[in-house]
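Chain by chain, the residues:
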Amino acid sequence: MTIYNFSAGPAVLPKEVLQQAQAELPDWHGSGMSVMEMSHRGKEYMSIQAEAEADLRELMGIPANYKVLFLQGGASQQFAMVPMNLLRGRKSADYLNTGEWSKKAISEAKRFGGVNVVATAADRNFSCIPAFDTWQRDPEAAYLHYTPNETIGGVEFDWLPESGDVPLVADMSSNILSRPVDVGKYGLIYAGAQKNVGPAGLTIVIVREDLLGQALPGTPTMLDYKTHADNDSMYNTPPTYGIYIAGLVFRWLKKNGGIAAMEQTNIAKAELLYGTIDASNGFYRCPVALSDRSRMNVPFTLKDASLDGDFLKQADARGLLQLKGHRSVGGMRASIYNAMPLDGVQALVNFMGGFAKQHG
Ligand SMILES: *Cc1c(COP(=O)(O)O)cnc(C)c1O
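Predicted model only: the values in this text are computed from it and were never measured. (Residues numbered from 1 in each chain as written. Predicted model: local features only at pLDDT ≥ 70, side-chain atom pairs only at ≥ 80, totals over all residues. Heavy atoms only, no water.)

S.K.: Tell me what's going on with helix α2 (residues 43-60), and back it up with residues and numbers.
M.R.: The end-to-end C-alpha distance of α2, which contains 18 residues, comes to 26 Å, matching closely the 26 Å that a straight helix rising 1.5 Å per residue would cover. Inspection of α2 places Y45, I48, Q49, A52, D55, L56, L59 and M60 among the buried residues, and these make up the whole buried set. Projected down its long axis, α2 carries its buried residues within an arc of 130°, all on one side. Of the residues in α2, the exposed ones pointing more than 90 degrees away from the buried face are K43 and E58. Turning to α2, the residues buried within the fold contact β2 (66-71), β10 (203-208), α6 (240-255) and α7 (258-278). G61, located one to two residues past α2, shows a positive phi value of around 60°. (Helix = DSSP H or I, 4+ residues; strand = E, 2+ residues; numbered from the N terminus. Expected span 1.5 Å × (residues − 1). Buried < 20%, exposed > 50% of the residue type's maximum accessible area, 1.4 Å probe, protein only. Arc of directions from axis to C-beta. Contact = heavy atoms within 4.5 Å.)

S.K.: Could you give an account of the pattern of salt bridges, with specific residues and numbers?
M.R.: A complete count under the given rule lists 17 salt bridges for this structure. Note that D158 and R179 form a salt bridge whose closest N and O atoms lie 2.8 Å from each other. With D158 in the loop between β7 (155-156) and β8 (168-171) and R179 in the loop between β8 and β9 (188-192), this pair connects stretches of sequence that are 21 residues apart. Judged by its relative accessible area of 12%, R179 is buried. A salt bridge links R295 to E263, with the nearest nitrogen and oxygen atoms 2.9 Å apart. Separated by 32 residues along the polypeptide, R295 in the loop between β11 (284-285) and β12 (297-302) and E263 in helix α7 bring together distant segments of the chain. Comparing R295 with E263 shows no difference in burial state: the two are buried. When salt bridges with common partners are traced through the structure, they connect E156, D158, R179, E263 and R295 into a single cluster. (Salt bridge = Lys/Arg side-chain N within 4 Å of Asp/Glu carboxyl O.)

S.K.: Can you tell me about the domain arrangement of the protein, naming the residues and giving the values?
M.R.: Domain assignment breaks the protein into domain 1 (16-255) and domain 2 (258-359). For domain 1 and domain 2, the distance between their C-alpha centroids amounts to 27 Å. The interface of domain 1 with domain 2 comprises 26 residues on the first partner and 22 residues on the second. For the pair domain 1 and domain 2, the summed buried area comes to about 2000 Å², and 54% of that belongs to carbon and sulfur atoms. In terms of surface lost to domain 2, no three residues of domain 1 exceed I152, E156 and S178, which account for 24% of the buried area on that side. At the junction of domain 1 and domain 2, the tally comes to one salt bridge. (Domains from an automatic or database assignment. Buried area = accessible area lost by both parts, 1.4 Å probe.)

S.K.: Run through the packing of aromatic side chains, naming residues and quoting values.
M.R.: Under the defined criterion, the tally for this structure stands at 18 aromatic pairs. Taking 6.3 Å as the distance between ring centres and 75° as the angle between the ring planes, the aromatic pair formed by F79 and Y190 counts as edge-to-face. With F79 in helix α3 (residues 74-86) and Y190 in strand β9, the pair connects residues that are 111 residues apart, well separated along the chain. Taking the relative accessible area as the measure of exposure, Y190 reaches 0% and is therefore buried. Here the aromatic rings of Y146 and F157 are separated by 4.7 Å at their centres, their planes lie at 75°, and the arrangement is edge-to-face. In this pair, Y146 sits in strand β5 (residues 144-146) while F157 sits in the loop between β7 and β8, placing the two residues eleven residues apart along the sequence. An aromatic cluster of at least three residues, connected via ring pairs, comprises F283, Y284, F300, F311, F351 and F355. (Phe/Tyr/Trp six-rings, centres within 6.5 Å; stacked < 30°, edge-to-face > 60°.)

And the structure:
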């Protein structure tokens, strides 16, 4: 039986990448050792990291005046590092609140300075994105932070908030590399790797150079972006194996047409799944506004919640795994990241159709 893993993260990786990692595990390219065992200062490992960075730059079209950092601590650590590094003597920063991850970023930022919440969708149960013309922005803000894809609520931006001179900061943990992004419009982009990039333990930061070097007094060395920028992410031991796997994923993306091609597949997968939900006569329901639905994380409920357990059990038996919704929202959630093939979504909608017929 083919297994399809719909986990929100850590999440599915491309089969080819896993197979290549398996083949190279004990002896990378004749080096006689595993990537895991290599000195991070040796030329073999340095070449792996340099190639991963070059491929990421090429895939995302990262301009030369941006640094790419390979860090640890997860996106959650960025909730602190962003204000510590980017407040730059200003009183406060602007934050948009679109759900669970925005809320976490906001509460952490409050430890370091003022937070101006420009708009919130809390009164609509985070089922949509507040219209840009309703955002109460502060022209003096140190930066504007938002979450382009809310992994739990399933709300995703299909547009770019133009922030003018205020640096735009984005938590792209769950949709990085899933669609083209104009990096030059951003001051800083960060993402934990375990959703769309690779294994947990690696965090990617892409930051415009002029924003570096103004961290709050007392910022620990390890939490200052400049430390890592000045040392090519080798100030201390980087998460070498995670970077190696991310590099294999980048190569897989390049081989398969890059981000533009990936976006087309992601659109097809999302249309198939949302189409099935919307055509189910209310048996399945997605709470998110049509225009703000995520291509990566698809939350849905069953009309009769007492069938949830049965749905999950039958799905499991068919190899459709990890469909249980987040504990804070209930119902189901299918995460359909880059590495989820269209066949996986097809298998899911086939099952959903049959289950609805059986119980409708
Ligand atoms: C998963 C996730 C996080 C938290 O990531 P960690 O790496 O576990 O800290 C933050 N933001 C978003 C949007 C996420 O999807």
